[in-house]
Amino acid sequence: MRIHRGLTVVITLLAAIAVAMQVDLSGLLAAMERGFGRETIFAFFCILLNFYLSFVRFRYSFRALGIGVPGGQAARAFVLGHLGNQLIFSVVGQAVGRSAVLAGAGVSPSAITFLSFLERMIALGSLLLFALAGGAYTLGRIVFDVEGGGGYLAYFVLSLIAVVLLYGLANRRQLRRLLAQLSGQLAWPVLAGCFLLSVVAHCAMLGAFYAQFSAYGEPVPTVAALAALSVVMFLAALPISFAGWGIRELSAAHVLGALGVPAVVGAAVGVAIGLLSLVLVIGCLIAVPFMTIRPKPVTASAPAPQIVASRNDIDRLFAALAAFLLPVAVVFQLRVPMPSHWLNVNLADLLAVSASAVLALTWGWTRPLISPARWVVPPLALLSAAIGLSLTIGYVNHGFLSWAFVNRTMGWFVILSYFGVGFLLWAHSGRARLLRAVHLAVSAVSIVAALQIVLYLAGSYTALVPAGINLVRLEGYLADSNAFAFQCVIAFIAFFCLRAMAAVSGHRMGIHLAPAVLVAAVVLAQSRTGWVLMGTAVVLTAFWMPAVRRELALSIVTGLAFIAAIPLVEMIVTAAMSLLASTGGVSGAGGGGGDAGGALVQTFAQGMQRGYADSERWETVWRGLELWREAPVFGHGLGGFIHDRLVQGKSSQVIHNVPVWVLAEMGLVGFVMFAAALLLFVRGLVLQRTAPGAALPVNAALICLAAFCLGGLTQDFFYQRLFWFVLGLMVPLACSAPRQPAVGVPAPRPT
């Protein structure tokens, strides 16, 4: 109970801080002066109605798992979850807040987190219908600009659909098992009821938006305004900001502006709705101490929570969902336009943070299970301490910098969440789930690489690819060819770890194509760093995993032969067509044969022209060293390099060298802490190799670390999510390996 009450206090305080950070009184008072009136009061009552309907949906959703919770406990959990909803990972804060109350009632944190995600998906799905209807009505008024970002959005959405379909097809056996688990646990009529409640709740919130908009008296037809505001509601509901702030105002200004409404009015509508919601949050802040810290004594006749679904079944279901969804989500990174910068949103962040939150909430009984891996705590604590110390120094030196706090500090704790997912899978679902997760990660990256190669070739030889999509080199969905090549290298290492452990069936269709596709993708990404890392991975894999040397060589040869064969085939076809044309067999043929080297070679050569990028990379490194010499002991603090560039009037940029970044912003003290953390981590891995079944995952983790450290000399790879996710899978695989494997018993295989 102390942990749960502590979480209550922490979430309440964090929500209060988030509210204070969100309010700019000077700007908000001016924006609200014109629009405040009876319409605003009506809008507030609509928001209250939405709040009540959301509570009804929340309590009703527990029936989906056969869980019955008394009304008082449900109300306390909902209010505290609403406070947690103000945090940047809104659905995660919501789930943790609810768990702080309901875990004491015997409800599994896995069940609470799963239901919170399910409730959010139902709410977003129903709201998407509103947005699609609104977008269809306003089509022709809101312009879809291909050059201005519309093409990128369409490419991202279509690619996401294609990858998910191929991912499900390639892993259909695991998908069938997951769907069977969901069917056995969920009561589908309850989900239909939650959907209907969501529709009514959205109508109430739409009424609040329209009531506030009508206060400004803009000459916009009612139906058109409702349609546009539906789109704004959907964008504001996406869990990518603090309670919708920023996204809501930006989308309102843009969408309503397309209907002839001044941008300032659109932004004011968003601000007003945000302020009214904050009034509700303040009420929750006042209510929580009385509802949760000092709950009403429970009498003997009070009804106890009824839990039909087995706690272990729910824990395994949540682990299965995380293991299946996170590998495919982590390869997608969406760039969302903000007023002053681009916000990089990864679709897997919510899953990773939620999984680690469940691990923390169940720490009491999971700790003995994962105790063999307790050696990872000191190095991770050292890294966290170095980043926290650097953040403090940066605040003293140059004040608060949002980039340092959000990207570097909060980003580090997101990275820790990715690392912790493997421990959740180990504790809740066993070693076999870890093997499946590694297999799924390799599958997802390979599918993305294959689609990127197809797109690259289509852009080189046809005009089918729309404008606005990068065709000169493979970047995956990261907008960075070096980062994508690094992803492929990590997946390549993980694949051969599975093969060496006999955890992937050799007879499975296309199994040998995956590493060849990854090799081809690294080459076509035209990342010199990626080439060096792939070569390093090949050498170390051949040395530490001798059982797969033949397959390793075959994959390298196949990948390189595929790339070499494309221009060769093009030359043969061109020569044949020219020969036919010269003999009169084909009229007008051969017009395209004058390009030296062929289309693929030309595209490849164009992608290798990056002189400006090289000069900028070296400029960041030399400037980082200069900053270190100015403050050699403690550095300039987190974000010091970004602050230095902004002061000089330059664009935001990072140091393309991790050791230099550490020296510039953390000094020798931070560098020693990072080096000590690395040595402790490597020492812990090496000590695990003494177990016969642990050698292969330990070797794979060491190869990944070697690629990570080598790539960090020319790139900023420290915050690469896939690396930390795979590393977090390899460590539990090593620590959970049987100390004395039975003779003649093969390693477990994921199915």
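The model shown is predicted, which means the values in this text are computed figures rather than measured ones. (Residues numbered from 1 in each chain as written. Predicted model: local features only at pLDDT ≥ 70, side-chain atom pairs only at ≥ 80, totals over all residues. Heavy atoms only, no water.)

S.K.: What is the right way to look at the overall build of the protein in this model?
M.R.: On a plain count of helices and strands, the protein comes out with 28 helices and four strands. Buried positions account for 54% of the 751 residues belonging to the protein. Long-range contacts, defined as pairs at least 24 residues apart, comprise 80% of the intrachain contacts of the protein with a sequence gap of at least 6. When the accessible surface of the protein is totalled, it reaches about 32,300 Å², and 69% of it is carbon and sulfur. (Helix = DSSP H or I, 4+ residues; strand = E, 2+ residues; numbered from the N terminus. Buried < 20%, exposed > 50% of the residue type's maximum accessible area, 1.4 Å probe, protein only. Contact = heavy atoms within 4.5 Å. Areas by Shrake-Rupley, 256 points an atom, 1.4 Å probe, with all protein chains shown as cover.)

S.K.: I keep staring at empty space enclosed by the protein and nothing clicks. Help me out?
M.R.: It is the rolling of a water-molecule-sized probe over the atoms that shows where space remains empty. With the rule as written, the count across this model stands at two cavities of 30 Å³ or more. Of the voids in this model, the second largest cavity is the one considered here, and its volume is about 30 Å³. Ala 386, Leu 389, Ser 390, Ile 393, Phe 634, Met 666, Val 669, Gly 670 and Met 673 together form the lining of the second largest cavity. Those elements giving two or more residues to the lining of the second largest cavity turn out to be helix 16 (377-398) and helix 26 (658-688). (1 Å grid on protein atoms, 1.4 Å probe; cavity = no way out; pocket = protein on both sides within 12 Å on 5 of 7 lines; lining within 4 Å. Points joined across faces, edges and corners; volume = space filled by probe spheres on them.)

S.K.: It is not clear to me how the pattern of salt bridges should be interpreted in this structure. Could you clarify?
M.R.: For side chains of opposite charge, pairing can occur when their charged atoms come near one another. Scanning the entire structure with this criterion turns up eight salt bridges. A salt bridge links Glu 119 to Arg 57; the shortest N-O distance between them is 3.2 Å. One end of the pair, Glu 119, is in helix 6 (residues 109-137); the other, Arg 57, is in helix 3 (residues 38-61), with 62 residues separating them in the sequence. Each member of the pair Glu 119 and Arg 57 is classed as buried. (Salt bridge = Lys/Arg side-chain N within 4 Å of Asp/Glu carboxyl O.)

S.K.: Help me out: how do you make sense of the packing of helix 16 against helix 17 (residues 402-429) in this one?
M.R.: Between two packed helices, the angle of one axis relative to the other and the distance separating the axes together describe the packing. The N-to-C vectors of helix 16 and helix 17 enclose an angle of 170 degrees; their axes lie 10 Å apart at closest approach. For the element pair helix 16 / helix 17, the angle class is roughly antiparallel. Mapping the contact onto sequence places Leu 380, Leu 383, Ser 384, Ile 387 and Leu 391 in helix 16 and Ala 404, Phe 405, Arg 408, Thr 409, Trp 412, Leu 416 and Phe 419 in helix 17. By residue class, the composition of the contact of helix 16 with helix 17 is nine nonpolar, two polar and one charged. (Axes fitted to C-alpha atoms, helices over the stretch in contact; angles between N-to-C directions. Parallel < 35°, antiparallel > 145°, perpendicular 65-115°, else oblique. Nonpolar A, V, L, I, M, F, W, Y, C, P; charged D, E, K, R; others polar.)

S.K.: Can you walk me through helix 8 (residues 172-185) in this structure?
M.R.: One full turn of an α-helix is made of 3.6 residues, so residues set three or four places apart face in the same direction. Look at helix 8: 20 Å from first C-alpha to last across 14 residues, which is about the 20 Å you get at 1.5 Å a residue. Residues Gln 174, Leu 178, Leu 182 and Gln 185 constitute the buried set of helix 8. The buried residues of helix 8 all sit within an arc of 75 degrees when viewed along its axis, so they share a single face. Facing away from the buried side of helix 8 by more than 90 degrees, the exposed set consists of Arg 176 and Gly 184. (Expected span 1.5 Å × (residues − 1). Arc of directions from axis to C-beta.)

S.K.: Just to check I follow, could you spell out helix 26 for this structure?
M.R.: Taking 1.5 Å of rise per residue, the 31 residues of helix 26 would be expected to cover 45 Å, yet its terminal C-alpha atoms sit only 27 Å apart, more than 12% below that figure. For helix 26, the principal kink sits at Met 666 and spans about 130 degrees. Near the N-terminus of helix 26, the side chain that reaches the backbone nitrogen of Val 660, with its oxygen 3.0 Å away, is that of Asn 657. (Bend = angle between axes of the 7 residues up to and from the residue. Polar contact = N/O pair within 3.5 Å; in protein donor to acceptor, adjacent residues only side chain to side chain.)

S.K.: Help me understand the side chain of Ser 354 in this model?
M.R.: By the element assignment, Ser 354 lies in helix 14 (residues 349-361). Exposure remark for Ser 354: the relative accessible area of 1% places this residue in the buried category. At 2.7 Å, the side chain of Ser 354 and the backbone oxygen of Leu 350 are in polar contact.

S.K.: Any chance you could explain the environment of Ala 700 here in plain terms?
M.R.: With respect to the secondary-structure elements, Ala 700 resides in helix 27 (residues 695-711). Along the backbone, Ala 700 and Leu 498 are 202 residues apart, and their C-alpha atoms lie at a distance of 9.5 Å. In this structure Ala 700 touches Ile 493, Cys 497, Met 545 and Met 730, once residues within four positions along its chain are discounted.

S.K.: Hey, could you run me through a positive patch on the surface in this one?
M.R.: Judged by side-chain charge, Arg 172, Arg 173, Arg 176 and Arg 177 come together as a positively charged surface patch. As for its placement among the helices and strands, Arg 172 is situated in helix 8. Residue Arg 172 is classed as partly exposed on the basis of its relative accessible area of 44%. (Patch = residues over 30% accessible without salt bridge, like charges linked within 9 Å, V, L, I, M, F, W, Y side chains within 5 Å. Lys, Arg positive; Asp, Glu negative; His and termini not counted. Charge placed at Lys NZ, Arg CZ, Asp CG, Glu CD.)

S.K.: In this structure, what is going on with the nonpolar core? I would like to understand it.
M.R.: In a soluble, globular protein the nonpolar side chains are often hidden away together inside. Grouped together as the largest cluster of nonpolar side chains are 217 residues, with contacts concentrated most on Phe 114, Trp 661, Phe 718 and Trp 724. Aside from chain neighbours lying at most four places away, what touches Trp 661 is Arg 408, Leu 638, Ile 655, Met 666, Phe 674, Phe 718 and Tyr 719. (Core = buried A, V, L, I, M, F, W, Y, C linked by side-chain atoms within 4.5 Å.)

S.K.: Looking at this model, I keep getting lost on unusual backbone geometry. Mind explaining?
M.R.: A negative phi holds for most residues other than glycine; trans holds for most peptide bonds. A positive phi is found at Gln 526, a non-glycine position, where the angle reads about 60 degrees. In this fold, Gln 526 is placed in the loop between helix 20 (513-524) and helix 21 (528-544).

S.K.: Can you walk me through the packing of aromatic side chains in this structure?
M.R.: Both the distance between ring centres and the angle between the ring planes are used here to describe each pair of aromatic rings. What the rule picks out here adds up to 31 aromatic pairs. Here the basic side chain of Arg 408 rests over the ring of Trp 661, its NZ or CZ set 4.6 Å away from the ring centre. (Phe/Tyr/Trp six-rings, centres within 6.5 Å; stacked < 30°, edge-to-face > 60°. Lys NZ or Arg CZ within 6 Å of the ring centre and 35° of its normal.)

S.K.: What am I meant to see in the side chain of Thr 40 here?
M.R.: The topology assignment puts Thr 40 in helix 3. One polar contact links Thr 40 to Gln 212, side chain to side chain, over a distance of 2.9 Å.

S.K.: What am I meant to see in the environment of Leu 128 here?
M.R.: Within the secondary structure layout, Leu 128 lies in helix 6. The class of Leu 128 is partly exposed, set by a relative accessible area of 34%. A C-alpha to C-alpha distance of 8.2 Å links Leu 128 and Val 231, two positions 103 residues apart in sequence.

S.K.: It is not clear to me how the packing of helix 20 against helix 21 should be interpreted in this structure. Could you clarify?
M.R.: As a packed pair, helix 20 and helix 21 sit with axes 8 Å apart at the nearest point and diverge in direction by 150 degrees. Counted together, Leu 518, Val 519, Val 522 and Val 523 of helix 20 and Gly 530, Trp 531 and Met 534 of helix 21 form the full contact between these two elements. Class assignment for the residues of the contact of helix 20 with helix 21 results in six nonpolar, one polar and no charged.

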